[in-house]
Amino acid sequence: MSTFCGQMREYSRISLDRFDKENLESTAFFLSHCHTDHMVGLSYPSFHYRLNSCRDIKLYCSEVTRQILLHMQDGNYKHLDKHVVALSENNPTRLKIPNFSGKAEEVVVTLIPAAHCPGSVMFLFEGEEGTVLYTGDFRLEKGSAARIPQLNSGSRSKSIRSLYVDTTFCTPKAFHIPSRQECRDVIISVIDSWIQLSPAHMVVLRGKASLGYEYIYEEVNKEFKQKIHISERKMRMYTGVPQISKCFTTDPMGTQVHACEKQLKTVYMASFNQLIEKDIAQKQLS
Ligand SMILES: [Zn+2]
Ligand SMILES: [Zn+2]
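Residues numbered from 1 in each chain as written. Chains lettered and ligands numbered in written order. Predicted model: local features only at pLDDT ≥ 70, side-chain atom pairs only at ≥ 80, totals over all residues. Heavy atoms only, no water.

A.B. asks: It is not clear to me how unusual backbone geometry should be interpreted in this structure. Could you clarify?
C.D. replies: Outside of glycine, negative phi angles account for most residues, and trans bonds account for most peptide bonds. Its identity as a non-glycine residue notwithstanding, K21 has a phi of 50°, on the positive side. The residue K21 is located in the loop between β1 (14-16) and β2 (28-30) in this model. Of note, the phi angle at A115 is positive, near 55°, even though the residue is not glycine. Counting through the fold element by element, A115 comes out in the loop between β6 (105-113) and β7 (121-127). (Helix = DSSP H or I, 4+ residues; strand = E, 2+ residues; numbered from the N terminus.)

As structure tokens, then:
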């Protein structure tokens, strides 16, 4: 759960992953990814008012995050459309941070993929107040930081003045996180052992967050040549990300693999019951 107040010691007119209270005085906003604990204040009228107060005040994020944000929660963030600017990843971009009481400050920002959920990034800021790195949740393998060119300069790692880590996983419970590959292999083998029993055997994948299991869904889709059933509402969230939406279907009868939240219970349970005599397995994702 994010506990970051939104502002760093450096670049005080920038706010990240927090869009309420004193952050409303900032003049540049950054969103690392679309998990609700990093989006506090984003839907509030006061934040929209702040964006509208000056056309140079923008919300910056990756292109995938922009697409997901504008289509998630039935369009709850659609009104932010003209204020959201997608920056390309791994590509240093020079930005002017507006300053209403003096000269605008220039900062170079680089979005570094964080491999946490679709669109998730870290922000590397370089400018007069030093080089600082902000990251929300991330999922890097051991040694991968050394392979990120933006964090290195020649053969040495860049000197980072401050590192801000705002992650749910800074807890003893998460000292060991299995690799993506390990998780994938276990989940695929569990699904395989069940759906091979008959075409009527179904698997329901349940995740805690609405976003973040896409890697597994893509792998399941590839392995079993079956799309994953999701709700219409969730399908709308992926409207702008066809590389992800192609793994899914909104037809509940066309697949043995479901991630369709409550719909299974409320709408389709009856038809599944006829098929498999209440023999539905629920494999918890987390
Ligand atoms: Zn997250
Ligand atoms: Zn389903």
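A.B. asks: Just checking my understanding: could you explain the packing of aromatic side chains for this structure?
C.D. replies: For any two aromatic rings, the description comes down to two numbers: the centre-to-centre distance and the angle of the planes. By the definition in use, this model includes twelve aromatic pairs. These aromatic residues form a ring-pair network of at least three members: Y11, F30, Y60, F123 and F125. (Phe/Tyr/Trp six-rings, centres within 6.5 Å; stacked < 30°, edge-to-face > 60°.)

A.B. asks: It is not clear to me how the pairing of strand β3 (residues 58-61) should be interpreted in this structure. Could you clarify?
C.D. replies: For a regular strand, the rule is simple: side chains alternate between the two faces of the sheet. Note: β2 against β3, three bridges, orientation parallel. Along β3, the bridge assignment pairs F29 with L59. On the question of chirality, the crossover connecting β2 to the parallel β3 by way of helix α1 (residues 45-52) is right-handed. Pairing of β3 with strand β4 (residues 84-86), which is carried by three bridges, proceeds in the parallel orientation. Counterpart to C61 in the pairing with β4 is A86. Assessed by its sense of winding, the connection that carries the chain from β3 through helix α2 (residues 63-71) to β4 is right-handed. (Pairing = 2+ DSSP bridges. Right-handed = clockwise from strand over helix to strand, strands pointing away.)

A.B. asks: Just checking my understanding: could you explain the environment of G75 for this structure?
C.D. replies: With respect to the element layout, G75 can be found in the loop between α2 and β4. The class of G75 is partly exposed, set by a relative accessible area of 27%. The spatial distance from the C-alpha of G75 to the C-alpha of M237 is 8.7 Å, given a sequence separation of 162 residues. (Buried < 20%, exposed > 50% of the residue type's maximum accessible area, 1.4 Å probe, protein only.)

A.B. asks: What am I meant to see in the coordination of the zinc ion (ligand 1) here?
C.D. replies: When four donors bind a metal tetrahedrally, each ideal donor-metal-donor angle is 109.5 degrees, and when six bind octahedrally, the ideal angles are 90 or 180 degrees. For the zinc ion (ligand 1), every protein donor is listed as H33 (NE2), H35 (ND1), H116 (NE2) and D137 (OD), and the spread of their distances is 2.2 to 2.3 Å. Geometry at the zinc ion (ligand 1) is irregular, judged from the four donor atoms that bind it and their angles of 91 to 166° at the metal. Donor residues binding the zinc ion (ligand 1) come from one chain and are separated in sequence as H-x1-H-x80-H-x20-D. Taking relative accessible area as the criterion, H35 reaches 12% and is therefore assigned buried. (Donors = N, O, S within 2.8 Å, 3.2 Å for Na, K, Ca; no water. Tetrahedral: all angles 85-135°; square planar, octahedral: opposite > 155°, others 65-115°.)

A.B. asks: Explanation requested: the pattern of salt bridges in the structure shown.
C.D. replies: Any two side chains of opposite charge can pair, so long as their charged atoms come close to each other. Counted under the stated rule, the structure contains twelve salt bridges. Here D81 ties to R66 by a salt bridge, and the two come within 2.6 Å at their closest N and O atoms. With a gap of 15 residues between them, D81 in the loop between α2 and β4 and R66 in helix α2 connect regions that are remote in the sequence. Judged by relative accessible area, which is 33%, D81 ranks as partly exposed. With a closest N to O distance of 3.0 Å, D74 and R233 form a salt bridge. With D74 in the loop between α2 and β4 and R233 in helix α5 (residues 232-237), this pair connects stretches of sequence that are 159 residues apart. Since its relative accessible area comes to 48%, D74 is described here as partly exposed. (Salt bridge = Lys/Arg side-chain N within 4 Å of Asp/Glu carboxyl O.)

A.B. asks: I would appreciate a short explanation of the domain arrangement of the protein in the present structure.
C.D. replies: Accessible area lost when the parts come together is the quantity often used to give the size of an interface. Taken as a whole, the protein is organised into domain 1 (14-171) and domain 2 (180-284). On a C-alpha basis, the centroid separation for the pair domain 1 and domain 2 is 32 Å. Listed per partner, the contact involves 15 residues of domain 1 and 14 residues of domain 2. Summed over both sides, the interface of domain 1 with domain 2 buries roughly 1,200 Å², with 58% coming from carbon and sulfur. There are two salt bridges connecting domain 1 and domain 2. Between domain 1 and domain 2 we count four residue pairs in polar contact (both at pLDDT 80 or more) in total. Here the residues of the side of domain 1 that touches domain 2 sort into seven nonpolar, five polar and three charged. (Domains from an automatic or database assignment. Contact = heavy atoms within 4.5 Å. Buried area = accessible area lost by both parts, 1.4 Å probe. Polar contact = N/O pair within 3.5 Å; in protein donor to acceptor, adjacent residues only side chain to side chain. Nonpolar A, V, L, I, M, F, W, Y, C, P; charged D, E, K, R; others polar.)

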